[in-house]
Amino acid sequence: MIQIRTKCVLIAAFASLHIILVTIPLSALNTTEQGTRRRIAITFDDLPATNGNLEVMSYVTTNLLRSIRLNDVPAIGFVNEGKLYKRGEIDARTNLLWQWLEAGLELGNHTYSHIHINDAPFAAYKEDLIRGETVTRMLLKEKGMRLRYYRHTQLRTGPTPEYKKALEELLAERGYVVAPVTIDNNDYIFADIYSKARARNDKETMRRIAAEYIPYMESVLAHFEKLSIKFLGREVRQTLLLHANELNADHFDDLIHMMTGRGYIFITLEEALKDEAYRLPDAQAGRGLSWLHRWMIAKGMQMQPEPREPEWVARLFETYPQ
Ligand SMILES: [Zn+2]
């Protein structure tokens, strides 16, 4: 009997020691106001890569996937299939998409040509969207997966309510789930300068842009966390838009480190969309907006200005040589 009691005490002591060891680092992390861990789905647009030749596209794919795997992030990539068709390179470019699937990740459709919805009649947009399915659907099928997510180009859902409705019907008809974005940002501005600087081997500009990029992204996360609390009374399961570019390929580890420091855990898009907020009506908007803003506008609320990139970055975006 005594022996048993001693054993129990020992187990209890060990258990509490274990709890202390585990909870100290976790409690040091930021959490939502409700004390739960923040959740976020990471999405990459413009695959195989926003810009560049095959060498750049391969660089972006290899390094992004290395970092995504290292950090165990269940990301999804949205494809512009038009980027696959270069004579002599079709197989190599298609293989870049295959590598995403080989890494255990998912792919979605982001139109064939990254078409501008505000300039395209509905019939042309529809054709571009359907044309953008072919290879991705085939690759997913080989993996026993189904093409199920659609990401609007420029996050624009239609220039008029009628257009938006027709597009919603088309997407439903073709079995798509819309992939919304709650954390919209200007990563492309930083990435554009970074990419040009890399092509010129301008290491100083690359360093300055990368150093500014992470705090900028942190300010954007903080903004949408607060906005979510203001609107929903809690933090939504966030969906972050990033682009497949050299800046993210080189610095995704730093982004992950920053987000982990804010208490985020990384979830699939499917898990994020289980948040009931994604069932709210989204306002028609002629411009690309966070879904948080769309939900707010649909309820008659005002948008709130988002954090901007620093002035020197905006200036360099205009003036950095091609
Ligand atoms: Zn895009």
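Residues numbered from 1 in each chain as written. Predicted model: local features only at pLDDT ≥ 70, side-chain atom pairs only at ≥ 80, totals over all residues. Heavy atoms only, no water.

1. Details of the coordination of the zinc ion
- The protein atoms donating to the zinc ion are Asp46 (OD), His110 (NE2) and His114 (NE2), with metal-donor distances spanning 2.0 to 2.1 Å.
- When the donors of the zinc ion are listed by position in the chain, the intervening gaps give D-x63-H-x3-H. Placement of Asp46 in strand S1 (residues 38-47) and of His110 in the loop between strand S3 (106-109) and helix H4 (122-131) is noted, with a sequence separation of 64 residues between them. We note that Asp46, like His110, is buried. (Donors = N, O, S within 2.8 Å, 3.2 Å for Na, K, Ca; no water. Helix = DSSP H or I, 4+ residues; strand = E, 2+ residues; numbered from the N terminus. Buried < 20%, exposed > 50% of the residue type's maximum accessible area, 1.4 Å probe, protein only.)

2. Notes on the nonpolar core
- With 88 residues, the main nonpolar core has Ile42, Phe44, Ile68, Phe252 and Met259 as its most contacted residues.
- Discounting residues that sit within four places of it in the chain, Ile42 has contacts with Val73, Ala75, Ile76, Leu240, Leu242, Phe252, Met259, Phe266 and Ile267. (Core = buried A, V, L, I, M, F, W, Y, C linked by side-chain atoms within 4.5 Å. Contact = heavy atoms within 4.5 Å.)

3. Side note on the side chain of His110
- Overall, the relative accessible area of 1% leaves His110 in the buried class.
- Polar contacts involving the side chain of His110 include one to the side chain of His114, which spans 3.1 Å.
- Reaching out from His110, the side chain makes a polar contact with the backbone oxygen of Arg151 at a distance of 2.8 Å.
- In contact with His110, other than residues within four places in its own chain, are Asp45, Asp46, Phe78, Val79, Asn80, Arg151, His152 and Thr153. (Polar contact = N/O pair within 3.5 Å; in protein donor to acceptor, adjacent residues only side chain to side chain.)

4. Topic: helix H6 (residues 161-173)
- If you check H6, its first and last C-alpha atoms are 18 Å apart, about what 13 residues at 1.5 Å a residue would give, namely 18 Å.
- Along H6, the residues that are buried comprise Tyr163, Lys164, Leu167, Leu170 and Leu171. Projected down its long axis, H6 shows its buried positions confined to an angular sector of 125 degrees, all on one face. Facing away from the buried side of H6 by more than 90 degrees, the exposed set consists of Glu162, Lys165, Ala172 and Glu173.
- If you follow the buried residues of H6, they end up packed against H4, strand S4 (149-150) and strand S5 (177-178).
- Of the residues flanking the end of H6, it is Gly175, one or two places downstream, whose phi is positive at about 80 degrees. (Expected span 1.5 Å × (residues − 1). Arc of directions from axis to C-beta.)

5. Considerations on the pairing of S3
- Neither face of S3 is open: one carries Glu106 and Gly108, the other Leu107 and Asn109, and all of them are buried.
- As defined by bridge partners, strand S2 (residues 76-79) adjoins S3 across four bridges and the pair is classed as parallel. Within the sheet, the bridge partner assigned to Gly77 lies in S3 and is Leu107.
- Once you follow S2 into helix H3 (residues 90-102) and on to S3, the crossover reads as right-handed. (Pairing = 2+ DSSP bridges. Right-handed = clockwise from strand over helix to strand, strands pointing away.)

6. A few points about the packing of aromatic side chains
- Inspection of the entire model under this criterion finds ten aromatic pairs.
- Judged by centre distance (6.3 Å) and plane angle (75 degrees), the ring pair of Tyr125 and Tyr163 falls under edge-to-face. Here Tyr125, found in helix H4, pairs with Tyr163, found in helix H6; they are 38 residues apart in sequence, far enough to count as distant.
- For Tyr125, a relative accessible area of 0% corresponds to the buried category. (Phe/Tyr/Trp six-rings, centres within 6.5 Å; stacked < 30°, edge-to-face > 60°.)

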